[in-house]
Number of protein chains: 2
Amino acid sequence: MALDLSSMASESVGMLNTSDHTSVVSMNLFVALLCACILLGHLLEESRWMNESITALAIGLCTGIVILLTTKGKSSHLLVFSEDLFFIYLLPPIIFNAGFQVKKKQFFRNFMTIMMFGAIGTLISFATISLGAMHFFLKFSIGDLNIGDYLALGAIFSATDSVCTLQVLNQDETPLLYSLVFGEGVVNDATSVVLFNAIQSFDLSHINTSTVMQFIGNFLYLFATSTMLGVVAGLLSAYVIRKLYFGRHSTDREVALMILMAYLSYMLAELFYLSAILTVFFCGIVMSHYTWHNVTESSRVTTKHAFATLSFVAEIFIFLYVGMDALDIDKWRFVSDSPGKSLAVSSILLGLVMVGRAAFVFPLSFLSNLTKKSPQDKIHLKQQVTIWWAGLMRGAVSMALAYNQFTRSGHTDLRANAYMITSTITVVLFSTVVFGLMTKPLVRILLPTSKHFASMTSSEPSSPKSFIVPLLTNGQDSEANIRSADIPRPTSLRMLLSTPSHTVHHYWRKFDNAFMRPVFGGRGFVPFVPGSPVEQNGHQWN
Amino acid sequence: MALDLSSMASESVGMLNTSDHTSVVSMNLFVALLCACILLGHLLEESRWMNESITALAIGLCTGIVILLTTKGKSSHLLVFSEDLFFIYLLPPIIFNAGFQVKKKQFFRNFMTIMMFGAIGTLISFATISLGAMHFFLKFSIGDLNIGDYLALGAIFSATDSVCTLQVLNQDETPLLYSLVFGEGVVNDATSVVLFNAIQSFDLSHINTSTVMQFIGNFLYLFATSTMLGVVAGLLSAYVIRKLYFGRHSTDREVALMILMAYLSYMLAELFYLSAILTVFFCGIVMSHYTWHNVTESSRVTTKHAFATLSFVAEIFIFLYVGMDALDIDKWRFVSDSPGKSLAVSSILLGLVMVGRAAFVFPLSFLSNLTKKSPQDKIHLKQQVTIWWAGLMRGAVSMALAYNQFTRSGHTDLRANAYMITSTITVVLFSTVVFGLMTKPLVRILLPTSKHFASMTSSEPSSPKSFIVPLLTNGQDSEANIRSADIPRPTSLRMLLSTPSHTVHHYWRKFDNAFMRPVFGGRGFVPFVPGSPVEQNGHQWN
C-alpha cells in the first residue's frame, strides 16, 4: 500500500524542496501541451482531415523532436511509456464514458454481431498475424523469437484502438457502424488481453484440444463474470443512491459516489483478474440506465459532462504521450544500423494487420447477413469496407501489451525485442496518422448519404421516436418520450414482431418495468422531489 | 520527465502481470474506504458533533488498526505519507474550489484584516512556538535539535488547517467568521511555506536587520507575484474561452480547459518557486468572476459541481490518509520506550499552538476594531474566541512540512526527529478530532443567533440584495441583480459612502464594467447565444 500511494508522486516538488525541479518543469510542459491540443483541436474542428487524436499525436511528436534537439539526443529516458499509468488512470474513464454515453439500443440490437466480430474475429486476426509473422520473420535474421513471442505479436496487433474509433466515427451520423466498430473494439480489448494472458501462462509447447477447450472456457468465464461485476456495481450504486437519496443533502456526494463506484468496479475486476474494460463498460451502461435517473438534475448535468471531459482529456493525454514517447532514442539505437530491416518488419506487420482484419470482417459479415431477413438489417459491402478500415488503427493497448512482452522495466535489451518495440511504435503511428487522416474522407466517399443511411439501417424509418427508443436509448430524451411509449404504434409493433431481437427487447422492457426499475430507479420511476425537476434546474445550483 | 509520468504509477497491475497484486488490493481497499466515508458522512449528516473530516479520520484509524492486527505489527511501511501526493494532487483542487466558491464580497471587504491575521499573526505564532519549544525542549533529553529545527517547528505548527476549517464553519451561517478564518488560512499557508523555505535557505547563524528586511521583501514579492500569476491565468482562460467561444462546439472542451488552466497556474507557481496555494486561490476567484460567465449553461453547472466534488473527494482522501498513516509502526518504535516523554512533547506543542494563536488573535482583533467606526463591523469577544478556536486545528500541511524537515524519504533515523514526527501526528490527530468535535457545539454556544448575527455583521441589514452584492458575490444570483444594480438605493448609497472599503469596491466595479468585463466577459457581458440561456438548459445537454 505504501507503493501505490507514495510512488504515484514519488518525485519532489518545488514548493518544499528544490531537488527535483525538472519534474515540475515537465509537468508544466505536459499540462501546457494538453491545453494547446484542446485549443488546436478546436481551431481544426472544421477540417476535413484532422481529428483531435492526430493533433495530439502531431504535437507530441513535435515536442519530442524539440526535446531531442535541445538535449542534443540525450533525452532517451525523458519519457518512458508506462502501461500502469495507461491501464490504471487513463483507460478507465474512457471506457466508462463510452458505456455511459453509448446508444444502448444499437448496441444490444447488434449484440450477437458485435460478439462475433469481437471474439471470433479477434481470434481469426490473431491466428493470421501470428502465422504470418512466423512465416515472414524466420527469413529475416532479427534475433531470437520463440513461439510465445509470435503468438504475443498476434495478440498485440489484434487489439484495435477503440479510443481512435470513437474519434473517427460519429455516433449520430453512422449509429450502426459506430456501435459495431466500437462494440467490437470493447470485446476485442477483452479478447486480446485474455489471449495475451493465456499465451503468457499456458504451456505453449503442448497445444491440444483440452488446452483449446480450457481457453474457450476461460474466455466465456471471463466475459460472464466481468459483465456481471459491472452490472452489480452499477445496480448497487443505483440502489444506494435511490434508497439514501443523497441529493437531499449534497450533489457532490452523488457525483463522487458514482465516480468512485465505477472506479471501484474497474479495480475489483483487476483484483480478480477479470477484464476490467468489460466490467467498467457495463457498469457505465447500467449507471446511465438506472443511477443517472436517481440523482438530482444538477448531478445529471455534472456527471454527463464531467465523465465526457475526463474521457476527452484522457484520450488527448494518451495520444500526446504516445507521440512524445515515440522518439525515445534508446529504442531506436538497436535498429539504427539497419533501418531497412526495421522498415520491412513494420511493413509486414502493417500488412498482416490489414489482411488479418479482412480475413474476418468480410466472412463474418457474410455470416451475419445470412441470419438477417430484411435487406435493411444487412451489412452492405461499403459498410463492410468501412468496418474493416475503421478497425485498422492500433493504439495504446497495443503499445502497452508490446512493452509488457518485449521489455523489462522499459529497457529493450535484446535485439529482436528492440525490433518489435520500434515496429509497434511505427505501426501505431502510421495507422493512427495515415489511416486516421483518411477515415473521415473515406467514410464520406463510401457512405455519402450517411444521415439517410443511418435512419435507414436503424430500422425506424417511419417514426423516429418509436416506442423502443425509451427502452434502450441513453435517457437524454425529454420526458415526453415516456408518454408516447404508452401508446402502441402500429408501425413499431409490426416491426417488433418481425425480428426476434426486438422481441427480446420487448420482454426485457417488461421485466425492467416490473422488477428492476421499481427497485433500482430509472426514468419514470423516481418520485417527484421539489427542487429536482427539469423545470427548476435554472435555480437548482444556486 | 520520465520520472513524473512513469513513477506516478510505477507499480504493476493485475491486468497484465501479477507481480504486484498487493498494490491493486490496497487501491481497492482505499477506494472502498472512500465510498464508506461518503456513505457514513451522509448518514451522520444530522449529527451535532461529527463532520466528514472526523469520520474519515476515524475510518482511517480503524483501518490502520485492522491492518496492524492482521499483519501482526509488520505493516510499518504499508502506508507512507507522501508530501508530493498531497501537494501535487490533493491540495490544488481543494484550494481552487475554495477560491471558486468563496463569497468574494466578504473576502475583499475584510481583506486587510485577513492579511493582518494571515501574515503578521502567523509570524507572531511562529515566534511564540519557536521560542516556547526552545525554552521547554532544552529541559528534556530528546536528542539533537539545532536552531533550524526549532524555527522549523514554529513554521510547522503555525500552519492552520484550512481544509478542516471549511468543514467546520458554515459560509452561509457565519460569513464574516468563515471569510476571516478561511482567508487567514490561505494567507497563513503561504506565510508558513515562505517561512519554512526561508529557514531552510537562509543562514540562520547571522540574523540581523538586513536578513529580516530580506525576509519581508521576499514575502511581499512572493505574495504579489503569486497573486498576479493566478489573476493572469484566470483572465487568460476567460479571454480565450470568450474569444473562441468553445461552447459552440463542445462543453467538454470548456470544462477541460478551465481545469487544465487552473492546474497549470498551480504548477507554474511551483515552477517559479511561488506560493502555489495563493496562485490557485486567486485563479479560482477570477475564474468564477469572469470565465464562469463565458461558458455554456451546462458547463456552468458541470464546473460548479465537478470542482466541488473533486475538492470533497480530495478532503476525504487526506483525512483518511492521515488516519491510516498515523499508525505506521516505524515512527512509534523510537518513542515506545518512553511514552511519557512523547506525551509531554506533544502536550507542550499543543499548548504552544493554543498560546501562539491567542497571542495574535486577540491583539490583532483589538487593532482591527480600532480602525472600524461602526460597532457592527467590529469583531466581538465571542467572535474572537471562535476565530481563535477554529484555527487551532493542524492538518496535512503541518504533516507535510514535518516530514520534509524531520525525515529523509519517509524514514525517521534520529531519535529527536522521531519525537518530532510522532508529536506532529499526535497534535494533528488530537486537534482535528477533539477540537473538531467541539467546534460545532462551541459555535452554537458562542454564536447562538448565528443567522441574525451574519446578516448584522455583513452590514446589509436593510436590503439583502444591495447594489454591492452583484460586484463581489459568487455570481450565482439571478440576472435580476444586475438590473437592480442600476438603480441606486438610498440605504446602500449612504452605506457606500460611510466606509472607505465600500468606496474601493465602487471604483473597482466602475473599472470592472468599463474595462475588464467588455474584454474578459462576466455576468451581463456575454452576448445572447441560442441554446445557451438558462431557460433552455433543460434541453442543453441532449
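Note that the structure is a prediction, hence the values are computed from the model and not measured.

Let's talk about the overall build of chain A
Next up, step 1: A tally of helices and strands in chain A yields 24 helices and zero strands.
Next up, step 2: Long-range contacts, defined here as pairs at least 24 residues apart, represent 83% of the contacts in chain A between residues at least 6 apart.
Next up, step 3: Just so you have it, chain A exposes about 20300 Å², and 69% of that area is on carbon and sulfur atoms.

Quick look at helix α16 (residues 381-390) of chain A
Next up, step 1: Among the ten residues in α16 of chain A, seven count as buried, and that is most of the element.
Next up, step 2: By the burial criterion, the buried members of α16 of chain A are Q383, Q384, T386, I387, W388, W389 and A390 of chain A.

Some details on helix α6 (residues 111-137) of chain B
Next up, step 1: The end-to-end C-alpha distance of α6 of chain B is 37 Å, a good match for the 39 Å that 27 residues give at a rise of 1.5 Å each.
Next up, step 2: Along α6 of chain B, the helix axis deviates most sharply at G121 of chain B, where the bend reaches about 30 degrees.

Description of the side chain of E184 of chain B
Next up, step 1: Considering the arrangement of structural elements, one finds E184 of chain B in helix α9 (residues 175-201).
Next up, step 2: The residues contacting E184 of chain B, other than those within four sequence positions of it, are I114, F117, G118, T160, S179, R357, F360 and I387 of chain B.

Description of the state of the cysteines
Next up, step 1: In total, this model carries zero disulfides over all chains according to the counting rule given.
Next up, step 2: Cysteine C37 of chain A shares no disulfide, and the gap to the nearest cysteine sulfur, in C35 of chain A, comes to 9.3 Å.
Next up, step 3: Residue C37 of chain A is classed as buried on the basis of its relative accessible area of 1%.
Next up, step 4: Looking at C283 of chain B, it has no disulfide partner, and the nearest cysteine sulfur is the one in C35 of chain A, 11 Å off.

Focus on unusual backbone geometry
Residue and element names in this part refer to chain A.
Next up, step 1: Despite not being glycine, Y273 shows a phi value in the positive range, around 55 degrees.
Next up, step 2: Residue placement: Y273 occurs in the loop between α11 (251-271) and α12 (276-294).
Next up, step 3: On the basis of relative accessible area, Y273 is assigned to the partly exposed category, the value being 39%.

Describing the confidence of the model for chain A
Residues and elements named next belong to chain A.
Next up, step 1: Taken as a whole, chain A shows an average pLDDT of 74; of its residues, 73% reach a score of 70 or greater.
Next up, step 2: Taken as a whole, residues 1-19 scores under 50 in pLDDT and shows 77 contacts with residues more than four places along the chain or in a different chain.
Next up, step 3: Here residues 450-493 is modelled with pLDDT under 50, and outside its nearest four sequence neighbours on either side it reaches 79 contacts, counting other chains as well.
Next up, step 4: Note on the complex model: pTM 0.79, ipTM 0.78.

So, the environment of S226 of chain A
All names here are of chain A.
Next up, step 1: With respect to the helices and strands, S226 occurs in helix α10 (residues 209-244).
Next up, step 2: Taking the C-alpha atoms as reference points, S226 and I277, 51 residues apart in sequence, are found 8.5 Å from one another.
Next up, step 3: Beyond its immediate sequence surroundings of up to four residues, S226 is in contact with L274, S275, L278 and T279.

Some words on the pattern of salt bridges
Residue and element names in this part refer to chain A.
Next up, step 1: The full count for this structure, using the stated rule, is six salt bridges over all chains.
Next up, step 2: Close ionic contact of R300 with E297 constitutes a salt bridge, the shortest N to O distance being 3.4 Å. Taken as a pair, R300 and E297 lie in helix α13 (residues 297-325) at a separation of three residues, close to a single helical turn.
Next up, step 3: You can call R300 buried: its relative accessible area is 13%.

Section: a nonpolar patch on the surface
Next up, step 1: Side chains of V212, M213, I216 and L220 of chain A sit close together on the surface and give an oily, nonpolar patch of about 380 Å² of accessible area.
Next up, step 2: Along the chain, V212 of chain A falls in helix α10.

Some details on the packing of aromatic side chains
Next up, step 1: Following the criterion strictly, the structure yields 32 aromatic pairs over all chains and no others.
Next up, step 2: When the centroid spacing of 6.0 Å and the interplanar angle of 40 degrees are considered together, the rings of W508 of chain B and F511 of chain B count as tilted. Of the two residues, W508 of chain B and F511 of chain B are both situated in helix α23 (residues 500-520); the distance of three residues between them amounts to about one turn of the helix.
Next up, step 3: Since its relative accessible area comes to 29%, W508 of chain B is described here as partly exposed.
Next up, step 4: Classification of F511 of chain B as partly exposed rests on a relative accessible area of 38%.
Next up, step 5: Among the aromatic residues, ring-to-ring pairing joins W388, W389, F430 and F435 of chain A into one connected group.
Next up, step 6: Note that R300 of chain A overlies the ring of W292 of chain A, its terminal NZ or CZ placed 5.9 Å from the centroid.

Some remarks on the environment of F435 of chain B
Residue and element names in this part refer to chain B.
Next up, step 1: Looking at the secondary structure, you find F435 in helix α18 (residues 415-446).
Next up, step 2: With a relative accessible area of 5%, F435 lands in the buried category.
Next up, step 3: Not counting residues within four places of it along the chain, the set of residues in contact with F435 comprises M354, W389, L392, M393 and F430.

As for the packing of helix α3 (residues 52-70) of chain A against α13 of chain A
Residues and elements named next belong to chain A.
Next up, step 1: It is the contact of α3 with α13, at a shortest axis distance of 7 Å, that shows an interaxial angle of 40 degrees. With respect to each other, α3 and α13 are oriented oblique. For the pair α3 and α13, the sense of crossing is right-handed. Contacts between α3 and α13 involve E52, S53, A56, L57, I59, G60, L61, T63 and I67 on the former and, on the latter, F312, I316, F319, L320, V322, G323 and M324.
Next up, step 2: Residue composition of the contact of α3 with α13, by class: eleven nonpolar, four polar and one charged.

Side note on the packing of α11 of chain A against α13 of chain A
Residues and elements named next belong to chain A.
Next up, step 1: Viewed as axis vectors pointing N to C, α11 and α13 meet at an angle of 40 degrees, and their least axial separation amounts to 9 Å. When the axes of α11 and α13 are compared, the pair comes out oblique. Of the two elements, α11 crosses α13, and the hand of that crossing is right-handed. Where α11 approaches α13, its residues T251, E254, V255, M258 and I259 are matched on the opposing element by S298, S299, T302, T303 and F307.
Next up, step 2: Taken together, the residues that form the contact of α11 with α13 break down as four nonpolar, five polar and one charged.

A look at the environment of A256 of chain B
Next up, step 1: The topology assignment puts A256 of chain B in helix α11 (residues 251-271).
Next up, step 2: Judged by relative accessible area, which is 1%, A256 of chain B ranks as buried.
Next up, step 3: Those residues within four positions of A256 of chain B in sequence are excluded, and the remaining contacts are I38, T309, F312 and V313 of chain A.

The rules we used
Residues numbered from 1 in each chain as written. Chains lettered and ligands numbered in written order. Predicted model: local features only at pLDDT ≥ 70, side-chain atom pairs only at ≥ 80, totals over all residues. Heavy atoms only, no water. Helix = DSSP H or I, 4+ residues; strand = E, 2+ residues; numbered from the N terminus. Contact = heavy atoms within 4.5 Å. Areas by Shrake-Rupley, 256 points an atom, 1.4 Å probe, with all protein chains shown as cover. Buried < 20%, exposed > 50% of the residue type's maximum accessible area, 1.4 Å probe, protein only. Expected span 1.5 Å × (residues − 1). Bend = angle between axes of the 7 residues up to and from the residue. Disulfide = S-S within 2.5 Å. pLDDT = per-residue confidence, 0-100. Salt bridge = Lys/Arg side-chain N within 4 Å of Asp/Glu carboxyl O. Patch = residues over 30% accessible without salt bridge, like charges linked within 9 Å, V, L, I, M, F, W, Y side chains within 5 Å. Phe/Tyr/Trp six-rings, centres within 6.5 Å; stacked < 30°, edge-to-face > 60°. Lys NZ or Arg CZ within 6 Å of the ring centre and 35° of its normal. Axes fitted to C-alpha atoms, helices over the stretch in contact; angles between N-to-C directions. Parallel < 35°, antiparallel > 145°, perpendicular 65-115°, else oblique. Left-handed = near helix turned anticlockwise from the far one by under 90°. Nonpolar A, V, L, I, M, F, W, Y, C, P; charged D, E, K, R; others polar.

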